[in-house]
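Report on the structure
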Protein chains: 2
Amino acid sequence: MKRTLCILALMGCLVTHATAEEGMWLLNQLTELQLEKQGLKISVTDIYSPGKPCLAQAVVKLGATGEIVSPEGLVLTNHHVAFGAVQRASTKGTDYITSGFLARTRAEEMEAPGYSARILDKMEDVTRRFRKFKKIADPVKRGKAEKRLMRSITDKIEKGHPDLEAQVVPMFRGEQFILYVYRRFDDVRVVYIPPQAIGNYGGDIDNWMWPRHTGDFSFLRIYMAPDGSGRAYHKDNVPYQPATWIRVAREGLSENDFTFILGYPGRTYRYRTSHAVQDNFEHVYPRLIQLYKETIELLESFQDDSVVARMKVAGFIKGLNNGMKNYQGNVDGMKRAGFLQKKQAFEAELQDFLKKDPGLWKQYGDVLPAIGGVYKQMAQTRETDNVLSMVNRLGGTMASLAINAYRTAREREKPKAERDPLFSESDVQRRIKRLRFSLMSFYEPADKALLKRLLMKAGQLPEGGRIQALEPILKDGEKGIEAFVEKAYATTRLKDLGFVQSLFTQSVKEIEAINDPLLQLAARMYPETEAMRKRNERLNARLEDLRRQYILALKARSSSPLYPDANSTLRFSWGEVAGYEPRDAVRYAPFTTLSGVMEKETGKEPFVVPEGLKALYQQKDFGRWVHPDLNDVPVAFTHKVDSTGGNSGSPVFNARGELAGILFDGNYEALTGDWEFDNDIQRSISVDIRYVLFITEKLAKANHILKEMGL
Amino acid sequence: MKRTLCILALMGCLVTHATAEEGMWLLNQLTELQLEKQGLKISVTDIYSPGKPCLAQAVVKLGATGEIVSPEGLVLTNHHVAFGAVQRASTKGTDYITSGFLARTRAEEMEAPGYSARILDKMEDVTRRFRKFKKIADPVKRGKAEKRLMRSITDKIEKGHPDLEAQVVPMFRGEQFILYVYRRFDDVRVVYIPPQAIGNYGGDIDNWMWPRHTGDFSFLRIYMAPDGSGRAYHKDNVPYQPATWIRVAREGLSENDFTFILGYPGRTYRYRTSHAVQDNFEHVYPRLIQLYKETIELLESFQDDSVVARMKVAGFIKGLNNGMKNYQGNVDGMKRAGFLQKKQAFEAELQDFLKKDPGLWKQYGDVLPAIGGVYKQMAQTRETDNVLSMVNRLGGTMASLAINAYRTAREREKPKAERDPLFSESDVQRRIKRLRFSLMSFYEPADKALLKRLLMKAGQLPEGGRIQALEPILKDGEKGIEAFVEKAYATTRLKDLGFVQSLFTQSVKEIEAINDPLLQLAARMYPETEAMRKRNERLNARLEDLRRQYILALKARSSSPLYPDANSTLRFSWGEVAGYEPRDAVRYAPFTTLSGVMEKETGKEPFVVPEGLKALYQQKDFGRWVHPDLNDVPVAFTHKVDSTGGNSGSPVFNARGELAGILFDGNYEALTGDWEFDNDIQRSISVDIRYVLFITEKLAKANHILKEMGL
């Protein structure tokens, strides 16, 4: 606890509670946390011990997180994590999003195309192998050397083991390197997903909000080849048999109970400086909020075209809404907390500290001003970069495919020294296999509108920041843009999956010879996008190195260990079940209830309660799943574990290491938590395992699932 | 307590608390409430005893409510109650709404034109004098006879006493008649009104909401003639010297403390039947919400014309917003609570009860069906009536003045038997004096737009419900309407105050001879508006009589006394300081704080914090005004006293009868409280006297006011 308190003090927070639960800790840091003093009732080696059965082995990386809850590879995760699978299955005709899906037998379990489950096999600190690169002064060159070694380490492990996936992940911006080896299973199937009216109850309105009443869970299953290896969907595959699986808590959680999670948090910025805060707070977030808002409105205008159109744009809208609310929450939170001023004050204080020690001052005195300098440089090409980077997603699927196919060919033909060290043909192969998912959500009218909008924005760029490759299209204004887009979509062959797949194996020359307007546009734009990439590569390499030095300066000031920023590696967080006070005179309790589900019902999306659930509520048919103090079925709860996006689906354990819930969100008041942890208001939101089992048993009548879980 | 519980049970509520604070009690009912058992620490005779000094004498009827807080007639009331006075003064040039106003000397105290203070002199049950009318079978005739007696009683009292105002008020829909005599003081002046950024902090967004951070208070002063009588503003007038004035509480309130209020609640519908609920829930409220919304949008479109335009439409918009939110809250609340179904179930139960007693069944068995019958009849002319009734306010000032002037002349010339028994020349005289206020908020472009909109709506009426008098204007559609309105406003003399005043003394013939398009329209519409009035008079008289019988049926079922519906007479309510749970997992605390004011600040209206207040907050310069448990200045609090519109400005007393706050609002969740009291969620919202004094002392530096209050 002492060390976490120190970090808070270091980050300039006011600590008002006796316990502070900050930190997404690496599994090899657990022994330093004195968790038994915090309330943990099992040994930390039960959570993680290399090479031995432990809870970490039952945690699944699924994009987000999932957990194995039966000896036959049954996985619990969020509804929104499995949503994509169900969306893909639904486009075939049946609307599983609305009605939900339940497999009553193994045979009925439905393929989740594109889903892979990764299970951690090994974690190893390989920092000493990278030490030799420290003497390379040019950060771009050093970065490339490091990446080449990373690739060579992982290639060696993966070679001949198609179901192994290795990753060397830099921690503390490259001060430490950790090797992760996963076993990958590409055959994941859907067992039970509740209807959207439960799994996404409250929809985008309630997203990020507390109090919450979403039954955000689903059951998947991992399948393996009969020999135990991972492979793609195959009729002969059998359920995965894990070394460890997680048991459901015998008793539900109550307020103040100790909890911990294991999961794959995506990205945090806990060690960023005021310059990054200012850049995001004043430019990046406001711009993206506006851009996403426009994009959502644009996509929504196509929603009523047909059921298929709705399905195709639904996922994209959902993602944009999620992002937009996140950014808005960040802006609101930063403003409310006077975040920028606090960061600046903290940095001034740090500089004062460093100044007192000539050695430290010499080593780190210039770091903060230098970081500011890089941000200034980056700002100069901001406008043009913004438009160019829209091509990747917000300019439509077609343009994105064209640009990526062309860039792949270019990268392949570069001299080795110039090529991206992480480029690999096996990655390209994997990508080719996934291309069909890009085309699945392709809806031509919306796609065209996105490209038109991108071109309109390019047309508004000021002199000096124009994208030369686009000028021929832009010179006649909106009319010219319209004409280009209409013609391009009428003639392009990029809608043909086979054609697109073939592009990723062709040479630059071959692609350039194809008479396709979008491919030709991609080739024409390449020099400018490449120039942007190179410029950013250089600036980012410099920035990463400065950030590493900044963290070293922080370490010099603190005697306690730090945890590295989240980066989609397996982490441990802990914290008690607790409500919070979002604002003056308002207190949120830590549990919501089934009564609250009924209370929110309006009969209109996203607040429609299924008839079956209403009947259970009216008959008070709650079974074993009642919270004794509330005399009601608990639906969701808030707790103090430190989490972020990617933690979705994380198992929530009680002090005995039993499953008490599934994490699915963070609260709106603490969206700035990615930048700085605030123990007073930052909460994770999890669905209570009692609600999961209540719905599964009473509404879905899927007793076979409960039985498999040992209930 | 027993009796209030009984009422709750009677009204079909679930009683879950040990204490239930329902009831707006007449002052002569206090002895029946066993208030000492509830926590009252003074005698009920200290609150009210006829002819003796008591707190009731220090309560002022001001439209809403105010209270006398010094021996020299200083009155505390709400900011929003004094708003009109300040708005009127502001049109002269200085924007006191924004900056506030403080008189440092008596001489600086500013006239509050149009404000009158009424102080209760006498209250007497005169029911026995009305008993003889019971034998009149025709309810219209009976009603007229009653009204004639009411007028004759009050005329006798008022005659020769221009500062006395008498009223006979029917209670329980005419089962009881109570005479109230007030002393009226027409010279009221503004002493201190805080800037809008305090007095209306949160504006329409926070209106009806909790948690609330509005310093909704202002100080006025009553002036009298040197001989002690009330009279209009006069330079020789002197401050009023009350028999009793209210002392400020020595200790502030805390959670669970006993409080009571005295005030003039306007209107409740606690004894209405399911037919009224259905009519309002399904027709009246939804229509008014829509109509007010449109009207606000229309008025807002003129707001940016000029500062004067903004001032002129501000008050109207404020009132419409207030009404709209109220109606919406009612609809939401009725829906949430399944209100209609509950009422219907309760009535079915009542019928069962009556059926068991042949005597009761004979007497009351037909009452409920008969009420339903009247509502059905009323529904038949709903559409036309709605448009016709818009003329009174929502068709613009000009049309309203024309219609009212013409109707006054018509009423005067009716045979006595047909004339409205409450019609009196002295009322007309009073009205003439107030006409200038109608013209003060007249803004021609907005006024024209309102009349056009009214005519457009008339144009949409279906065949059979058309207003014949308007057909000549409507026959050419929008173009004809435009032309009529433009010409009418270009030529009418109704903008001239003297002209309008003269109209109210002229005969029908004289008015009809005037060549003014709006007066001619009024004359043309008269037969139809008069037919509507007569139709409604008949239906309402019948309905009132049935409602009276319904209450008698309720009384027959209950052994405990009932309180009559609110009707702008002085009432007593009590209840403890308490927060509430607005929805699942959310609990509202009963006090807000100065920190919460700062927390809400956005820098944009209505959340701008004055610099002076910010400085006080930063310096923690709270003086004596800190809530010891919160270690902060308390701003507002919620308590369980039963209140409604008109109670605004009511003194909130602690158990010792000392002033602890000023009531200014009710909470949104309980807007249906006018229909049915719910002890779990209905709360009154009051500004804490500590905030009032903190602002007055620390921000306004008006120590002379505190000194006058004995502090």
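Parameters and conventions
Residues numbered from 1 in each chain as written. Chains lettered and ligands numbered in written order. Predicted model: local features only at pLDDT ≥ 70, side-chain atom pairs only at ≥ 80, totals over all residues. Heavy atoms only, no water. Axes fitted to C-alpha atoms, helices over the stretch in contact; angles between N-to-C directions. Helix = DSSP H or I, 4+ residues; strand = E, 2+ residues; numbered from the N terminus. Left-handed = near helix turned anticlockwise from the far one by under 90°. Contact = heavy atoms within 4.5 Å. Nonpolar A, V, L, I, M, F, W, Y, C, P; charged D, E, K, R; others polar. Expected span 1.5 Å × (residues − 1). Buried < 20%, exposed > 50% of the residue type's maximum accessible area, 1.4 Å probe, protein only. Core = buried A, V, L, I, M, F, W, Y, C linked by side-chain atoms within 4.5 Å. pLDDT = per-residue confidence, 0-100. Pairing = 2+ DSSP bridges. Phe/Tyr/Trp six-rings, centres within 6.5 Å; stacked < 30°, edge-to-face > 60°. Lys NZ or Arg CZ within 6 Å of the ring centre and 35° of its normal. Buried area = accessible area lost by both parts, 1.4 Å probe. Salt bridge = Lys/Arg side-chain N within 4 Å of Asp/Glu carboxyl O. Polar contact = N/O pair within 3.5 Å; in protein donor to acceptor, adjacent residues only side chain to side chain. Least-squares fit on C-alpha atoms with pLDDT ≥ 70 in both. Lys, Arg positive; Asp, Glu negative; His and termini not counted. Domains from an automatic or database assignment.

**Focus on the packing of helix α17 (residues 444–459) of chain B against helix α19 (residues 477–491) of chain B**
Residues and elements named next belong to chain B.
- The geometry of α17 relative to α19 is characterised by a closest axis approach of 10 Å and an angle of 145° between their N-to-C directions. In the crossing of α17 with α19, the sense of the turn from one axis to the other is right-handed. Residue-level contacts link Glu444, Asp447, Lys448, Leu451, Lys452, Leu455 and Met456 of α17 to Glu478, Ile481, Glu482, Phe484, Val485, Glu486 and Tyr489 of α19.
- Considering only residue class, the contact of α17 with α19 consists of seven nonpolar, no polar and seven charged.

**Quick word on helix α15 (residues 397–413) of chain A**
- End to end, α15(A) covers 25 Å across 17 residues, agreeing with the expected 24 Å (1.5 Å per residue, within 8%).
- The buried fraction of α15(A) is high, at 13 of 17 residues.

**Section: the packing of helix α9 (residues 274–300) of chain A against helix α17 (residues 444–459) of chain A**
All names here are of chain A.
- Running from N to C, α9 and α17 point in directions that differ by 145°, and their axes come no closer than 10 Å. Both α9 and α17 take part in a crossing whose hand is right-handed. Counted together, Leu291, Glu294, Thr295, Leu298 and Leu299 of α9 and Ala446, Ala449, Leu450, Arg453 and Lys457 of α17 form the full contact between these two elements.
- Among the residues forming the contact of α9 with α17, the class breakdown is six nonpolar, one polar and three charged.

**Observations concerning the nonpolar core**
- Ranked by size, the top nonpolar core spans 413 residues in total, and within it Phe219(A), Tyr691(A), Phe219(B) and Tyr691(B) carry the most contacts.
- When residues no more than four places from it in sequence are discounted, the contact partners of Tyr691(B) are Ile198(B), Gly215(B), Leu594(B), Val597(B), Leu613(B), Val633(B), Pro634(B) and Val635(B).

**Describing the confidence of the model for chain A**
All names here are of chain A.
- Of all residues in chain A, 97% attain a pLDDT of 70 or more, and the chain-wide mean is 93.
- A low-confidence stretch, residues 1–19 (pLDDT under 50), is modelled with 47 contacts involving residues beyond four sequence positions or located in other chains.
- What the predictor reports for the complex is a pTM of 0.85 with an ipTM of 0.84.

**Some thoughts on the sheet that holds strand β1 (residues 25–26) of chain B**
Residue and element names in this part refer to chain B.
- One open sheet accounts for eight strands, arranged β1-β14-β13-β19-β20-β21-β18-β17; its pairing is antiparallel. Looking at which strands have only one partner, the edges of the open sheet turn out to be β1 and β17 (591–593).
- Note that strand β13 (residues 258–263) and strand β14 (residues 571–576) share six bridges and pair antiparallel. Considered in β14, the bridge of Leu262 is made with Phe572.
- Along the sheet, helix α25 (residues 689–699) makes contact with β17, β18 (634–639), β20 (659–666) and β21 (684–688), crossing β21 at roughly 35°.

**Topic: the packing of aromatic side chains**
- Inspection of the entire model under this criterion finds 48 aromatic pairs over all chains.
- Ring plane angle 70° and centroid distance 6.2 Å describe the contact between Phe130(B) and Phe133(B), whose orientation is recorded as edge-to-face. In this pair, the class of Phe130(B) matches that of Phe133(B), namely buried.
- Judged by centre distance (3.9 Å) and plane angle (10°), the rings of Phe130(B) and Phe177(B) are stacked. Of this pair, Phe130(B) sits in the loop between β7 (117–125) and α6 (139–158) while Phe177(B) sits in strand β9 (residues 176–185), and the two are 47 residues apart along the sequence. Each member of the pair Phe130(B) and Phe177(B) is classed as buried.
- Taken together through their ring pairs, the aromatic side chains of Phe258(A), Phe260(A), Phe572(A), Trp574(A) and Phe653(A) make up a single cluster.
- Note that Arg557(A) overlies the ring of Phe353(A), its terminal NZ or CZ placed 5.3 Å from the centroid.

**Focus: the interface of chain A and chain B**
- The interface is formed by 14 residues belonging to chain A together with 14 residues belonging to chain B.
- Between chain A and chain B the total buried area reaches about 1200 Å² when both faces are included, carbon and sulfur atoms providing 49% of it.
- Among the residues chain A hides against chain B, the three largest losses belong to Asp584(A), Ala585(A) and Glu599(A). Together they make up 46% of the total.
- On inspection of chain A and its partner chain B, the count reaches zero salt bridges.
- Summed over the shared surface of chain A and chain B, the result is nine residue pairs in polar contact (both at pLDDT 80 or more).
- Among the secondary structure elements, those contributing two or more residues to the side of chain A that touches chain B are β16 (586–588), β17 (591–593) and α23 (594–600) of chain A.
- For the side of chain A that touches chain B, the per-class residue count stands at six nonpolar, four polar and four charged.
- When β16(A) meets strand β16 (residues 586–588) of chain B, the two strands line up antiparallel, connected through three bridges.

**Re unusual backbone geometry**
- A cis amide bond links Glu605(A) to the next residue, Pro606(A), at an omega of 0°.
- Here the residue pair Trp210(B) and Pro211(B) is connected by a cis peptide bond, since its omega of 0° sits within 30 degrees of zero.
- By secondary structure assignment, the location of Pro211(B) is in the loop between α8 (203–206) and β11 (218–224).

**Notes on the relation of the copies chain A and chain B**
- Of the transformation superimposing chain A on chain B, the axial component is 0.0 Å and the angular component is 180°, with the fit at an RMSD of 0.0 Å. What the superposition gives is, in effect, a two-fold axis relating one chain to the other. Relative to the rotation axis, the C-alpha of Arg587(A) is the closest in chain A, positioned 2.6 Å from it.

**Describing the environment of Thr592(A)**
- Structurally, the position occupied by Thr592(A) is in strand β17.
- For Thr592(A), a relative accessible area of 0% puts it in the buried group.
- A C-alpha to C-alpha distance of 15 Å links Thr592(A) and Asn207(A), two positions 385 residues apart in sequence.
- If we ignore the near neighbours within four places in the chain, the residues touching Thr592(A) are Trp210(A), Pro211(A), Arg212(A), His213(A), Val633(A), Pro634(A), Val635(A), Ala636(A), Asp584(B) and Ala585(B).
- A distance of 2.8 Å separates a polar side-chain atom of Thr592(A) from the backbone oxygen of Arg212(A).

**Some points on the environment of Gly84(A)**
All names here are of chain A.
- For Gly84, the location among the structural elements is in helix α4 (residues 79–90).
- Judged by its relative accessible area of 17%, Gly84 falls in the buried class.
- When the C-alpha positions of Gly84 and Gln290 are compared, they lie 26 Å apart, and in sequence the two are 206 residues distant.

**A closer look at the side chain of Lys325(B)**
All names here are of chain B.
- Structurally, Lys325 is set in helix α10 (residues 307–337).
- One buried charge, Lys325, has no salt-bridge partner; the nearest side chain with opposite charge is Asp206, at 6.5 Å.
- There is a polar contact of 2.9 Å between the side chain of Lys325 and the backbone oxygen of Asp204.
- Residues in contact with Lys325, not counting those within four places in the same chain, are Asp204, Ile205, Asp206, Asn207, Trp208, Met209, Tyr668 and Leu671.

**What about the pairing of strand β14 (residues 571–576) of chain A?**
All names here are of chain A.
- Among the six residues in β14, five count as buried, and that is most of the element.
- Relative to β14, strand β1 (residues 25–26) runs antiparallel, the two being bridged by two bridges. Paired with Trp25 across the bridge in β14 is Phe572.

**Things to note about the sheet that holds strand β13 (residues 258–263) of chain A**
All names here are of chain A.
- The eight strands are arranged β1-β14-β13-β19-β20-β21-β18-β17 in an open sheet whose pairing can be described as antiparallel. Every interior strand has two partners, whereas the edge strands, β1 and β17, have only one.
- With four bridges connecting them, strand β18 (residues 634–639) and strand β21 (residues 684–688) associate as antiparallel partners. Across the sheet, the residue bridging to His639 is Ser684, located in β21.
- Against the sheet, helix α25 (residues 689–699) engages β17, β18, β20 (659–666) and β21, with an angle of about 35° to β21.

**Describing the pattern of salt bridges**
All names here are of chain A.
- If you walk through the whole model with that rule in mind, you get 100 salt bridges over all chains.
- Residue Glu165 is joined to Arg118 by a salt bridge in which the shortest nitrogen-to-oxygen separation is 2.8 Å. You can see Glu165 sitting in strand β8 (residues 164–171) and its partner Arg118 sitting in strand β7 (residues 117–125), a full 47 residues away along the chain.

**Some details on the domain arrangement of chain A**
Residues and elements named next belong to chain A.
- According to the domain assignment, chain A contains domain 1 (1–116 + 186–270 + 577–711), domain 2 (122–183) and domain 3 (379–559).
- Placing a centre on the C-alpha atoms of domain 1 and another on those of domain 2 gives a separation of 31 Å.
- With ten residues of domain 1 at the interface, the matching set in domain 2 holds nine residues.
- Together domain 1 and domain 2 conceal approximately 710 Å² of surface at their shared face, both sides included; 51% is due to carbon and sulfur atoms.
- Our count for the domain 1 to domain 2 interface comes out at zero salt bridges.
- Remark: the boundary between domain 1 and domain 2 carries two residue pairs in polar contact (both at pLDDT 80 or more).
- Broken down by class, the residue content of the side of domain 1 that touches domain 2 amounts to five nonpolar, four polar and one charged.

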